[in-house]
Amino acid sequence: IHHNNQINNMKPKTILPLIAGICLLSTFSFFSCKKEKVEKPLAVATLTPTKADTSVTGGLQFFEEKDGRVTLKLDITVPKKRNSTVAIHLHEHGLCGNAGADAHGHWNPTGKSHGMWGSGNFHAGDIGNIALDENGRGSLQLTTDLWTLSGNAPTSIVGKGVIVHSGVDDYTSQPAGNSGPRIGCGVIEWKK
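Residues numbered from 1 in each chain as written. Predicted model: local features only at pLDDT ≥ 70, side-chain atom pairs only at ≥ 80, totals over all residues. Heavy atoms only, no water.

Overview of the pattern of salt bridges
Proximity of charged atoms lets side chains of opposite charge pair with each other. Under the counting rule described, the total for this entry stands at two salt bridges. A salt bridge links Asp67 to Arg69; the nearest nitrogen and oxygen atoms lie 2.8 Å apart. Accessibility expressed as a relative area gives 35% for Arg69, which makes it partly exposed. (Salt bridge = Lys/Arg side-chain N within 4 Å of Asp/Glu carboxyl O. Buried < 20%, exposed > 50% of the residue type's maximum accessible area, 1.4 Å probe, protein only.)

So this is what it looks like as C-alpha cells:
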C-alpha cells in the first residue's frame, strides 16, 4: 500500500515549528474567543443644551456594583467651554423645562450644606467640577454608597435631574456653589 503522506516524510526540523505554530494558534484562538462579561448600565441620562447658543452633549451611565454601590461614568462635550471647567450636579426633579430651572435645587436627601464631594458637608448631588480639554470634552468616573438605583429608596437617583452649569463650583457658596447659569440638562432614567 502506497501512502503519499507529506507529514510522515517531513524532517523533525520542519515538523517542530509547524506543531509549535498550531499550538500557538490554538491557544490564541481559545483566549480570543472567550467572551468578556460586559456590564451594562442600569440607568442613563442624556445631556441636551438649555440655551440656543451653547452646545452641550454627552451622557451619564450608572452601574450597580456587587456590593450595592453605584458607579457613575460621565462623558460631556461643551465646545464653547473648551480649556475650561464646568460644574455638574444632580438636581431634585427630572425636568429640563424653563432652561433647566424646572429641575429646582440640588438633590440633597440628607439635608446637608453644599460643599465638595467627599469632604465635610456636601449634597448627595454635588458631583462637582469637570475639566474640559481643547475640544471641550471631559469625563468623570466615581463609585459611591450614597446613591442607589432602587426606585422607592430616598437615596435613589432614578428620576433626578442632571444640570451642567457654565461656571465653576466654588464649593462654599450656599446653596449651590455659585456655579453660573444652567447650560445643559438631562434626566436619569432606567436604561431601556
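What about the environment of Phe63?
Mapping Phe63 onto the fold places it in strand 3 (residues 57–64). Taking the C-alpha atoms as reference, Phe63 lies 9.1 Å from Val44; in sequence the two are 19 residues apart. When neighbours within four sequence positions are excluded, Phe63 is seen to be in contact with Glu39, Lys40, Pro41, Arg69, Val70, Thr71, Lys73 and Leu149. (Helix = DSSP H or I, 4+ residues; strand = E, 2+ residues; numbered from the N terminus. Contact = heavy atoms within 4.5 Å.)

Considering the state of the cysteines
Simply put, the disulfide is a covalent bond whose two ends are the sulfur atoms of two cysteines. Inspection of the entire model under this criterion finds one disulfide. Covalent S-S linkage joins Cys96 and Cys185, the inter-sulfur distance amounting to 2.0 Å. The sign of the S-S torsion, about -80°, decides the handedness of the disulfide formed by Cys96 and Cys185: left-handed. A residue pair is termed long-range when its members are at least 10 positions apart, and Cys96 in the loop between strand 5 (85–91) and strand 6 (128–131) and Cys185 in strand 9 (residues 182–187) qualify at 89 residues. According to the relative accessible area criterion, Cys96 is partly exposed, its value standing at 28%. (Disulfide = S-S within 2.5 Å.)

Here's the deal with unusual backbone geometry
Between Gln174 and the following residue, Pro175, the backbone shows a cis peptide bond with an omega angle of 10°. By the secondary structure assignment, Pro175 is in the loop between strand 8 (161–165) and strand 9. Phi angles above zero are rare outside glycine, and Ala99 is one such case at about 55°. Relative to the assigned elements, Ala99 resides in the loop between strand 5 and strand 6. Unusually for a residue other than glycine, His104 sits at a positive phi of about 60°. Here His104 is to be found in the loop between strand 5 and strand 6. Given the relative accessible area of 43%, His104 is considered partly exposed.

Quick notes on the sheet that holds strand 3
The five strands are arranged 7-4-3-1-10 in an open sheet whose pairing can be described as antiparallel. Every other strand in the sheet has two partners, leaving strand 7 (137–144) and strand 10 (189–190) as the edge strands with one partner each. Here strand 3 runs beside strand 4 (residues 70–77); their pairing, made up of eight bridges, is antiparallel. Residue pairing for strand 4: Thr57 is matched across the bridge by Thr77. (Pairing = 2+ DSSP bridges.)

Considering the packing of aromatic side chains
Under the defined criterion, the tally for this structure stands at three aromatic pairs. Relative to Phe122, the ring of Trp117 lies with its centre 5.2 Å away and its plane at 50°, an arrangement referred to as tilted. Ring centres 5.5 Å apart and planes at 65° place the aromatic pair Trp117 and Trp147 in the edge-to-face group. Of this pair, Trp117 sits in the loop between strand 5 and strand 6 while Trp147 sits in the loop between strand 7 and strand 8; the two residues are 30 residues apart in sequence, bridging distant segments of the chain. Since its relative accessible area comes to 22%, Trp117 is described here as partly exposed. An aromatic cluster is defined as three or more aromatic residues linked by ring pairs; in this entry it consists of Phe62, Trp117, Phe122 and Trp147. The residue whose ring lies beneath Lys73 is Phe63, and the NZ or CZ to ring-centre distance is 4.8 Å. (Phe/Tyr/Trp six-rings, centres within 6.5 Å; stacked < 30°, edge-to-face > 60°. Lys NZ or Arg CZ within 6 Å of the ring centre and 35° of its normal.)

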